[in-house]
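These are the residues of each chain, in order.
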Amino acid sequence: MLIKKRLLNNAAFSALQTVLSAALLFFLYRFLLKQLGAEQLGIWAIVLASTSVGRLTDMGLAGAIVKFVANSNAEGQLEKSARLVQTAALTISAALLTLALLALPVLHLLLQWVLPPTAISPALEILPYAVASLLFAMISGIFQSGIDACHRMDVKNIVLVSCNILYIVITVILVPKFGLLGIAIAQTIQSLTLVCSTWIILRRFIPTLPLIPCRWYKTDFREMLGYATNFQIGMLAGMFFDPVTKFLLAKYGGLSQTAFYEMANQLLQKARSVIVSAQQALVPEIAGGNFADKADLLALYKKAYGFSFLLVLPYYIGIILSLPLISFLWIGHYESYFVVYGAIVSFGWLATNLSAVPYFFNIGTGSLTWNTINHVFNGFINLALGSILGYHFSGVGVVLAASCALIIPNIMLIQIVNRRLGFGMMDIVPCGQRVYLLLVVLGAVISISGGEFFNRYASMDMVAALIVPTIFLAITLFALQFNSMGKVVVSKIFKKNTNNDI
């Protein structure tokens, strides 16, 4: 009962934090688009993508911290937990500072190759701030992982929302005066604040931590690195996904297309995180080993995957159908690049959300090999297919390749983990949810047809954009009645009395 209550509490706060962050992001990008324009926003997206390669210095330690600190805390070894956190933070700091000094000249050349001549100067001006933001964000990531391992995602998410609000306030103040540089300064301040806040909180949960991280432990580093090697190989491939997509899109589609792709992708990343952040709460619970036997662990996996499938499918179809409405509200008009690119990449993120439970299950149990292969395939397909399709079909080819690079490896991961746990190939659609699947797909077709009717015969673009997701929502609520989990969800939405348990 304690595990269930803690898991639900952490999942609920994680989902709430993501929703609030998405709302703040909506305001931020609308403000930036009006203040700076799509071209300048595209420069910011490219610079952030170029510095993200620095995340390879993480070496998988953030993921390792969740597992090892959760284990140490469960065994009452708070001294070891403190050693692990300090070692990880100092390792990342030293590695990233070294890489930054070596990589800055290379980044200069890379930006000159990707960007048009007029965009190079402002990009180089904000590059040092982007590197500093990355450093602070990665150190904070270690501290956040430590808080997760202490089963206090609720506290962490309150801090994240507060820092996002700070970021927006500073951005609104600085951007009208300093332009693109104002965003860079605001993000650097936000990242530094996040480092300080998460460290102070983590010291409350692990009192053996010193005032500042000051000691590095070789034995603990080697222990974590042995576990994190697969993490790092996967991250090395996975971290190139976003920059490669944006570089190819800027090269073959231009900065404006890159900016609208960035907006669509940020929207989808936040939408994805609403579910993934809740799913991620499985990791410290599984790693802590608080299960009577293997059957309990298998039951948790089956229930978590079934519930994810129940939500993920209508969730992403609803987002795709809502993109025209979001475009009107966010950008001010129907922007075809935003809608089309968002719809294409939505199918890719749908697959990643479906595979999140198997992925986090592997992390919690320490079986990282197939997670690593997933990331390697993802990076390879994106680079190879993106280069080919981008050359022949410009920007849409790049985005289509990115979506395929997400779908293929993640479907493969689901099948492999399900098979290892004794499920069949058809169980990618959980038993009892196949009628539900057909109804949801049928609902999407009906919704699109209804919207097209209003758009074609009544010439009401905005009304059609609103009607489509509304019809789909009504049909989805109806479809949920044909699923046992779905009935519980509907009853909770409308606050009906029920004794069922999701």
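Because the structure is predicted, anything quoted here is derived from the model rather than measured.

*Asks:* Before we move on, can you summarise the overall build of the protein with the specific residues and values?
*Replies:* Helix and strand counts for the protein stand at 18 helices and zero strands. Expressed as a percentage of the 502 residues in the protein, the buried residues total 55%. Put simply, of all contacts in the protein between residues at least 6 apart along the chain, 81% involve residues at least 24 apart. Taken as a whole, the protein presents about 21,800 Å² of accessible surface, with 69% of it coming from carbon and sulfur.

*Asks:* Can you lay out the nonpolar core for me, pointing to particular residues and giving the numbers?
*Replies:* General note: in soluble globular proteins, nonpolar side chains tend to be found buried as a group. With 55 residues, the main nonpolar core has Tyr301, Tyr316, Ile317, Val345, Trp349, Val399 and Val440 as its most contacted residues. For this core, the secondary structure elements donating two or more residues are helix H9 (241-252), helix H10 (255-279), helix H12 (294-330), helix H13 (336-354), helix H14 (356-365), helix H15 (369-420), helix H16 (434-457) and helix H17 (461-480). With twelve residues, H12 is the largest single contributor of residues to this core. Those residues in contact with Trp349, other than ones at most four positions away along the chain, are Phe241, Asn265, Leu268, Gln269, Arg272, Tyr316 and Leu406. Counting residues in hydrophobic clusters, the runner-up holds 50 residues, among them Ile170, Leu255, Ala264 and Ile331.

*Asks:* Please set out the side chain of Asn382 residue by residue, giving values where relevant.
*Replies:* Locating Asn382 in the fold gives a position in helix H15. On the basis of relative accessible area, Asn382 is assigned to the buried category, the value being 1%. There is a polar contact of 3.0 Å between the side chain of Asn382 and the side chain of Thr245. Not counting chain neighbours up to four residues away, the residues in contact with Asn382 comprise Phe241, Val244, Thr245, Leu248, Ser387, Ala401, Ala402 and Ala405.

Each value, and the rule that gives it
- Residues numbered from 1 in each chain as written.
- Predicted model: local features only at pLDDT ≥ 70, side-chain atom pairs only at ≥ 80, totals over all residues.
- Heavy atoms only, no water.
- Helix = DSSP H or I, 4+ residues; strand = E, 2+ residues; numbered from the N terminus.
- Buried < 20%, exposed > 50% of the residue type's maximum accessible area, 1.4 Å probe, protein only.
- Contact = heavy atoms within 4.5 Å.
- Areas by Shrake-Rupley, 256 points an atom, 1.4 Å probe, with all protein chains shown as cover.
- Core = buried A, V, L, I, M, F, W, Y, C linked by side-chain atoms within 4.5 Å.
- Polar contact = N/O pair within 3.5 Å; in protein donor to acceptor, adjacent residues only side chain to side chain.

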